[in-house]
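Structure assessment
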Amino acid sequence: MALEGALKQSGGLWFGWSGNIVDEASESPEVVQAGNITFAVVDLSKRDYDEYYAGFANRALWPVCHYRLDLVQIDRSDTEGYFRVNQAFAASLAPLLRPDDIIWVHDYHFIPLASELRKLGCNNRIGFFLHIPWPPYEVASALPAYERLLRGLSAYDVAGFHTPQDVENFQQCLVREGIGDAVGPGEYQVDGRHIRTGAFPVGIDTEAFARTAVRGETNALVRRTRTSLGDRDLIIGVDRLDYSKGVKQRIESFSCFLKANPAFHNRVTYIQITPKSRSDVPEYKRMQHEIAEQAGWTNGNLGEVDWTPIRYVNRTVGHAALAGLYRMSRVGLVTPLRDGMNLVAKEFVAAQPPEDPGVLILSRFAGAAHELNRALVVNPYDTEACAAAIARALQMPLKERQERWTTMMERLRTNTVEAWCQRFLAYLAGSSAEVTEPPPEPRRVKTGGRFPRPQVTPA
Ligand code: GDG
C-alpha cells in the first residue's frame, strides 16, 4: 500500500513475483500498464517456489531474523534455490531498466538482487529496505550462506532498516565478519564499494486510516459485533498467523488475567483476528493446530454458557470493518515476540476516538515500541506482567488514556508512510539522512521508452 502511493505520485516500474506457480517459468515478465505505473511480474516454477520461497526465505531467513534458531531448517538445495531465483529475477528485470532509474528493493526475499544486477552491468542507484528485524551477530551468523548474504547486501548503495537497533546489528555483522570497514557515520566500504546504512521506521497513512475508522463505525459487521458484545469491553488482537506474533503467549496472558480477575468474567471479550499464512510451511501448520486448541481450551475452562471469553477467527476482515473494530476496542493487544515494526499497533492508535481512546498494550520487541513508547510496553514472555497490563488498561482513567494517545498520535502524524518513502528515497538519491524536504521529482514512465517493454497489456 505504501509503495503504491509513492509509485502513483512519480510513475515507475513495479517488478516482482506474480504469485503464480507454473510448470515451467518463463524469464520474460508479463507487463501490464496501469496509469503511470508499469507492472512487470514473473511466475515461479514449483521447484523455485519450494526452495526459494517456502524453503530458504521462510524456513531459514524468517526464523533467524526473528531470533528463532530452534525453527531454522538448513537445506543446501533451498539455499542454492534462493540465489538461483534471485539471479533469474535480475535477468528478467535488467532489460527493463533505464540508466537513470532509481531502484528500491524490498524485503528478505531479494537480498542478493543488487549483486546479481551489478553482475549484469547495472550501475543504477539501488536501495534495499528490510521489513523484518536484523538480529545481532551471534544470531545472524547462524544463517546459511551468512557471508554471501552480507556481501549481497553490501552491493546496495543504501540498506535501510526499521530501527536503530537493527542498523547497529547489521553494522556489527559487517565489522565482526571482517567484511566492511567503517568510512563515515553509517557508511562502510565493502569489496571496493560504499554502502550507507540507516533507520527508516515505516509509517501508515495516519489521517486516511483515522477517517476509515470513523466510517467503519457504521460498517454492518462492526455494528453486529457491537450488538453481540452487549455492554462488555472489547480487547482486540490482529495478526497474520505467525509464530513471531506471540498469539500463543497472548492467549496464555489473557487467561492468566481472567483467572486473577474474576470480577472481569463476563465483562470483557477478546477477539483475535488471525488470517492463516504460509500454511504449506510445516512449522506454521503445527502452530495453527496448537493455537486453535489453546483458544478452545480457554473458552471451555473459563467461559460460561452465555459468555465466550475468546473469539478466535482465522478469517480476513475487510479494511473498513477492521478499522471500525479497532475504534470500538477498549484495548489493543499487540504482543509479538519479535517484529520488524508492526503496523497493527500504529493502525490501532490512529483509529481511536480522541474523546475516549482505547489503550495499546505493546511488546517491547516490536519495532513500533521505539516510537510508541507511551503504550503500555510489556515483555510478551512474562505472562503475569502482561495479565497485569490488561487489568491496568481496562481500568485506566480517561485523562491518562488521552495523554498517552495524544503523544503517540502526534508521532504517527509526523512519520507517515509518505514521509517514510520520501526520506528513504532522498537518502538513496545521495542527500543526507536528515533531509526532510521531498526528493527531486523522478522521471515519469514514458510508453515506448528506451528499453523494450514486452507485451504491454492495458489493465
Ligand atoms: C511485515 C513485518 C512490518 C492483518 N489482518 C487483516 C489485515 N491485516 C493487515 C494489518 C496490517 C498488516 O496486515 C500486517 O502488518 P504488520 O506490520 O502487523 O505485519 P507483517 O504482515 O508481518 O509485515 C512487520 C511490516 O512488514 C511493514 O514493514 O511492520 O514487522 O513483519 O496492515 O491491518 N487487514 C485486513 N483484514 C485482516 O484480517 N483488511
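This text gives an overview of the structure that appears in the document. (Residues numbered from 1 in each chain as written. Predicted model: local features only at pLDDT ≥ 70, side-chain atom pairs only at ≥ 80, totals over all residues. Heavy atoms only, no water.)

Some details on the pattern of salt bridges
Under the criterion given, the structure shown has 26 salt bridges. Among the ionic pairs, lysine 46 bridges to aspartate 50, the shortest N-O distance being 2.9 Å. Here lysine 46 and its partner aspartate 50 are both found in helix H2 (residues 46-65), four residues apart, which amounts to about one turn of the helix. Taking the relative accessible area as the measure of exposure, lysine 46 reaches 48% and is therefore partly exposed. Looking at aspartate 50, the relative accessible area reads 32%, which means it is partly exposed. Between glutamate 400 and arginine 392 there is a salt bridge, and its shortest N-O distance comes to 3.1 Å. Classification of glutamate 400 as partly exposed rests on a relative accessible area of 24%. Sharing partners across several salt bridges, the network here consists of Arg47, Asp48, Glu51 and Arg84. (Salt bridge = Lys/Arg side-chain N within 4 Å of Asp/Glu carboxyl O. Helix = DSSP H or I, 4+ residues; strand = E, 2+ residues; numbered from the N terminus. Buried < 20%, exposed > 50% of the residue type's maximum accessible area, 1.4 Å probe, protein only.)

Notes on the packing of helix H6 (residues 146-153) against helix H7 (residues 164-176)
One can describe the packing of H6 onto H7 by two numbers: an axis separation of 11 Å at closest approach and a directional angle of 115°. Relative to H7, H6 is oriented roughly perpendicular. For the element pair H6 and H7, the recorded crossing hand is left-handed. Contacts between H6 and H7 involve Tyr146, Leu150 and Leu153 on the former and, on the latter, Phe170, Cys173 and Leu174. Looking at the contact of H6 with H7 residue by residue, the classes come out as six nonpolar, no polar and no charged. (Axes fitted to C-alpha atoms, helices over the stretch in contact; angles between N-to-C directions. Parallel < 35°, antiparallel > 145°, perpendicular 65-115°, else oblique. Left-handed = near helix turned anticlockwise from the far one by under 90°. Contact = heavy atoms within 4.5 Å. Nonpolar A, V, L, I, M, F, W, Y, C, P; charged D, E, K, R; others polar.)

Here's the deal with the packing of aromatic side chains
When we look at a pair of aromatic rings, we describe it by the centre distance and by the angle of the planes. In the structure shown here, the tally under the stated rule is 28 aromatic pairs. Seen from their ring centres, phenylalanine 257 and phenylalanine 264 are 5.3 Å apart, and the 45° between their planes marks the pair as tilted. Classification of phenylalanine 257 as buried rests on a relative accessible area of 0%. Site record: aromatic cluster; members linked through ring pairs are Phe15, Tyr52, Phe56, Tyr82, Phe83, Phe89 and Phe110. We note arginine 148 situated over the ring of phenylalanine 83; from NZ or CZ to the ring centre the distance is 3.7 Å. The lysine or arginine in question, arginine 176, covers the ring of tyrosine 137, its NZ or CZ lying 4.1 Å from the ring centre. (Phe/Tyr/Trp six-rings, centres within 6.5 Å; stacked < 30°, edge-to-face > 60°. Lys NZ or Arg CZ within 6 Å of the ring centre and 35° of its normal.)

Here we look at the sheet that holds strand E7 (residues 181-184)
As summarised here, the arrangement of the six strands in space is E4-E5-E6-E9-E8-E7, forming an open sheet in which the pairing is mixed. Two strands bound the open sheet, and with one partner strand each, they are strand E4 (102-106) and E7. Averaged over all neighbouring strand pairs, the angle between strand axes comes to 30°, with direction disregarded. Where H7 meets the sheet, it contacts strand E6 (158-161), strand E8 (187-190) and strand E9 (193-199), and its direction lies at approximately 155° from that of E9. (Pairing = 2+ DSSP bridges.)

Re the site of the ligand
Lining the immediate environment of the ligand, one finds 23 residues, of which His131, Val317, Asp339, Leu343 and Glu347 sit closest. Protein chains bury 80% of the 730 Å² of accessible surface belonging to the ligand in isolation. Those elements giving two or more residues to the shell around the ligand turn out to be helix H12 (319-328) and helix H13 (343-351). Partitioning the shell around the ligand into residue classes produces eleven nonpolar, seven polar and five charged. (Near = heavy atom within 4 Å. Areas by Shrake-Rupley, 256 points an atom, 1.4 Å probe, with all protein chains shown as cover.)

Some points on the state of the cysteines
Here the structure, examined in full by the defined rule, presents zero disulfides. Between cysteine 173, a cysteine without a disulfide, and cysteine 65, which holds the nearest cysteine sulfur, the sulfur-to-sulfur distance is 9.6 Å. (Disulfide = S-S within 2.5 Å.)

Some words on the nonpolar core
Soluble globular proteins tend to pack their nonpolar side chains together in the buried interior. By size, the foremost hydrophobic cluster in this structure holds 94 residues, and its most contacted members are Trp134 and Phe257. It is H2 that provides the largest number of residues to this core, a total of ten residues. Once you skip the residues sitting within four places of it in the chain, phenylalanine 257 turns out to touch Phe264, Val268, Ala387, Ile390, Ala391 and Leu394. By size, the runner-up hydrophobic cluster in this structure holds 48 residues, among which are Trp104, Val202, Val349 and Met408. (Core = buried A, V, L, I, M, F, W, Y, C linked by side-chain atoms within 4.5 Å.)

Concerning unusual backbone geometry
Phi at aspartate 191 takes a positive value of approximately 50°, unusual for a residue other than glycine. Considering the arrangement of structural elements, one finds aspartate 191 in the loop between E8 and E9. Even without glycine at this site, asparagine 266 takes up a positive phi of about 65°. Following the sequence through the fold, asparagine 266 ends up in the loop between helix H10 (247-260) and strand E11 (268-273).

Re the pairing of strand E3 (residues 37-45)
For a regular strand, the rule is simple: side chains alternate between the two faces of the sheet. Note that strand E1 (residues 12-22) and E3 share eight bridges and pair parallel. By the bridge assignment, isoleucine 21 is partnered in E3 with leucine 44. The pairing of strand E2 (residues 30-34) with E3 spans five bridges and is classified as antiparallel. Opposite glutamine 33, over in E3, you have threonine 38 as the bridge partner. Counting the residues that bridge the hairpin from E2 to E3 gives two residues, and of these glycine 35 lies at a positive phi of roughly 60°.

Comments concerning the packing of helix H9 (residues 220-229) against H12
Put simply, H9 and H12 touch, their axes get as near as 9 Å, and they point 35° apart. Handedness of the crossing formed by H9 with H12: right-handed. Facing Leu221, Val222, Thr225, Arg226 and Leu229 of H9, the residues of H12 in contact are Ala321, Gly324, Leu325 and Met328. Its residues assigned to classes, the contact of H9 with H12 comprises six nonpolar, two polar and one charged.

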